[in-house]
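Spelled out from the first residue to the last, the chains are:
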Amino acid sequence: MKLLWIIPLCVSDQSLLAGVKNSLASAIAGEKHQIESVVGYTGRRPVLDGFTRALFFKIKRPFVVYRFLFHVRILHEVLKTDADVLMFGYYASHFLPVAYILQFLKKSKSKIILDLRTVPVDIDRSLKSIMNVFRFKMALFFAQYCCDGVTCITSFLKQQVQTNLNISSDRVHVLSTAADFSVFDPAIASSIRKKLGLSNRFVLLYHGTLSPNRGIQNVIASVALSISKITNLTFLVVGIGKAEHELKEMVDKLKINKHVIFTGKVPFTSIPDYIKSANLGIIPLPDIDWWNLNSPIKLKEYLAMQLPFVATDIQSHREMVDLCGDGILISDNHPKTISNALVKYFVDQAKNVTMTNRSTLEGLISYRAEAVKLIFFFKTLCQL
């Protein structure tokens, strides 16, 4: 089987999430299928060696001209491809009607797929957020008329898509986030507790984007509530984002600087070392629609690294804990709730945690597991 995956029209390595897409492509190629893409970028070219073939297009100044030429290059590949499946992310969904017309004119049997890797998150009143929401709604509109199937990041998003588009379940597939078990492996990661001055500390870890709507402020407040009972508690915050300044100000105001460490930006390949250095992970996302319809990859990375975690009892977390175990779900992300969970774990549960073995988890939440299910979906769709 051959897949042409038009990666969303993001042109920075961070927004492209090149590593995630490359890992999935590598898993698909590892199952003896071809996967190709056309990728626009500025600055340094992203590494996408997991693809069978990746056509790179450097977007230079004047950007308007080169973005237009990039669109032309994508349409050229769509026109000439003999791929069994054409998959478009919602950032590239404006190509859907054109791809549909081109495939119709050439009497192609290629299946057209809309891939919803995420829903709009961290929304504010900025023009960028407004455009993001509009693009998502446009993708669903085009999918109703131009697509043979849809892939969604969670089962909850699948249910919503089925309802909104009034399409059958066999045309919608859950293609979730996954952990790279070759990278997130406790056997090869190195603890950096001594380097960070954490040798005798109880380390609570958050890694990822520091944005205002992820509940990290509440974790900081919970640290202030917990240190009287967990005197050696350290909250290790790995990552950068818009909320970083606010979070640091909050730490200063609460006078808990000795109990919180901000690492700043950390290379992806170093993340396993930080996870291995922690006693407990935390995912404090609030119970709102955009997090319920997403699948936090950090949860799966904690599982792959055999790190117990505390997470809010929202749909996306609950589904994963039901599948894999190893997580402590809390009713909400209020500081007192988080603090109670931390103290309880420190006193009791740390002595009784049994982690699901990695071989079992690899069959559930690895990129290979997702690739095998995705290929089966494509093959089934081609027979409909």
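Higher on the page you've got the structure.
Counting from 1, residues in each chain are numbered in the order their sequence is written. Owing to the predicted nature of the model, reporting of local features is limited to residues with pLDDT of at least 70; listing and counting of side-chain atom pairs is limited to 80 or more, with chain, interface and lining totals taken over all residues. Derived side-chain values reflect all non-hydrogen atoms in the structure, with water molecules and hydrogen atoms excluded from consideration.

## As for the side chain of Lys-158
Part 1 of the argument: Secondary structure elements are taken from DSSP: a helix is a run of H or I of four residues or more, a strand is a run of E of two residues or more, and numbering for both begins at the N terminus. In this structure, Lys-158 sits in helix α6 (residues 155-165).
Part 2 of the argument: Buried within the structure, Lys-158 lacks any salt-bridge partner; its nearest side chain of opposite charge belongs to Asp-170, at an N-O separation of 8.4 Å.
Part 3 of the argument: Contact criterion: two residues are considered in contact whenever any of their non-hydrogen atoms come within 4.5 Å of each other. Discounting residues that sit within four places of it in the chain, Lys-158 has contacts with Cys-152, Ser-169, Val-172 and Val-174. For every residue, the accessible area (1.4 Å probe, protein chains only) is compared with the maximum for its type, and the residue is labelled buried under 20%, exposed over 50%, or partly exposed between those bounds. Residues scored as positive are Lys and Arg, those scored as negative are Asp and Glu, and His as well as the terminal groups of each chain are ignored. Salt bridges, as used here, are contacts in which a Lys or Arg side-chain nitrogen is within 4 Å of a carboxyl oxygen on Asp or Glu.

## Here's the deal with the environment of Gly-89
Part 1 of the argument: With respect to the helices and strands, the residue Gly-89 is situated in strand β4 (residues 85-89).
Part 2 of the argument: Taking relative accessible area as the criterion, Gly-89 reaches 2% and is therefore assigned buried.
Part 3 of the argument: The sequence separation of Gly-89 and Asn-200 amounts to 111 residues, and the corresponding C-alpha distance is 46 Å.

## As for the pattern of salt bridges
Part 1 of the argument: Tallied over the full model, the rule gives 13 salt bridges.
Part 2 of the argument: Lys-373 is the salt-bridge partner of Glu-370, the closest N and O atoms lying 3.4 Å from each other. Within this pair, Glu-370 and its partner Lys-373 are both found in helix α15 (residues 367-383), separated by three residues, close to a single helical turn.
Part 3 of the argument: Here Glu-370 falls in the buried class, since its relative accessible area comes to 3%.
Part 4 of the argument: The class for Lys-373 is partly exposed, based on a relative accessible area of 38%.
Part 5 of the argument: Salt bridges here are not isolated pairs; linked through shared partners, they connect Lys-2, Glu-36, Arg-53, Arg-73, Glu-77, Lys-80 and Asp-82.

## Side note on α6
Part 1 of the argument: Residues Ser-155, Phe-156, Leu-157, Lys-158, Val-161 and Leu-165 constitute the buried set of α6.
Part 2 of the argument: Along its buried surface, α6 packs onto β5 (111-116), α5 (127-146), β6 (149-152), β7 (172-174), α10 (289-292) and α12 (315-324).
Part 3 of the argument: After α6 finishes, the residue Asn-166 shows a positive phi value of roughly 55 degrees.

## Observations concerning a nonpolar patch on the surface
Part 1 of the argument: Candidates for patches are residues over 30% relative accessible area with no salt bridge; among them, like charges are joined within 9 Å and nonpolar side chains (Val, Leu, Ile, Met, Phe, Trp, Tyr) within 5 Å. Throughout, the Shrake-Rupley method with a 1.4 Å probe supplies accessible areas, and for residues the shown protein chains are the sole cover considered. Together, Val-65, Phe-68, Leu-69 and Val-72 make up a nonpolar patch on the protein surface, roughly 350 Å² of accessible area in all.
Part 2 of the argument: Relative to the assigned elements, Leu-69 resides in helix α3 (residues 63-80).
Part 3 of the argument: Using a relative accessible area of 36% as the deciding quantity, one classes Leu-69 as partly exposed.

## Description of the sheet that holds strand β12 (residues 309-312)
Part 1 of the argument: On the basis of which strands lie adjacent, the open sheet formed by six strands has the order β10-β9-β8-β11-β12-β13 and parallel pairing. Both outer strands of the open sheet, β10 (260-262) and β13 (327-330), are each paired with one neighbouring strand and no more. Taken pair by pair, the neighbouring strands of this sheet meet at an average axis angle of 25 degrees, ignoring direction.
Part 2 of the argument: When DSSP finds at least two bridges between two strands, those strands are taken to pair. In the sheet, strand β9 (residues 233-238) pairs with β10 via three bridges, with the strands oriented parallel. Among the inter-strand pairings, Phe-235 is bridged to a residue of β10, identified as Val-260.
Part 3 of the argument: To get an axis, a line is fitted to the C-alpha atoms, and for a helix only the part in contact is used. The angle between two axes follows their N-to-C directions and goes from 0 to 180 degrees. Helix-sheet contacts for α12 involve β11 (280-283), β12 and β13, and the interaxial angle to β13 is about 145 degrees.

## A look at the pairing of β9
Part 1 of the argument: By the criterion of burial, β9 is predominantly enclosed, with six of the six residues buried.
Part 2 of the argument: What you see with β9 is no split at all: Leu-233, Phe-235 and Val-237 on one side and Thr-234, Leu-236 and Val-238 on the other are buried throughout.
Part 3 of the argument: In this structure, strand β8 (residues 202-207) lies alongside β9, joined through six bridges in parallel fashion. Bridge pairing in β9 places Phe-202 opposite Leu-233.
Part 4 of the argument: A clockwise path from the first strand over the helix to the second, with the strands pointing away from the viewer, defines a right-handed crossover. A crossover connection joins β8 to the parallel β9 through helix α7 (residues 216-226); in handedness this β-α-β unit is right-handed.

## A word on the environment of Val-78
Part 1 of the argument: With respect to the helices, strands and loops of the structure, Val-78 is situated in helix α3.
Part 2 of the argument: Note: C-alpha distance between Val-78 and Ala-99 (21 residues apart in sequence) is 6.6 Å.
Part 3 of the argument: Here Val-78 is in contact with Leu-4, Leu-86, Phe-88, Ala-99, Leu-102, Gln-103 and Lys-106, once residues within four sequence places are set aside.

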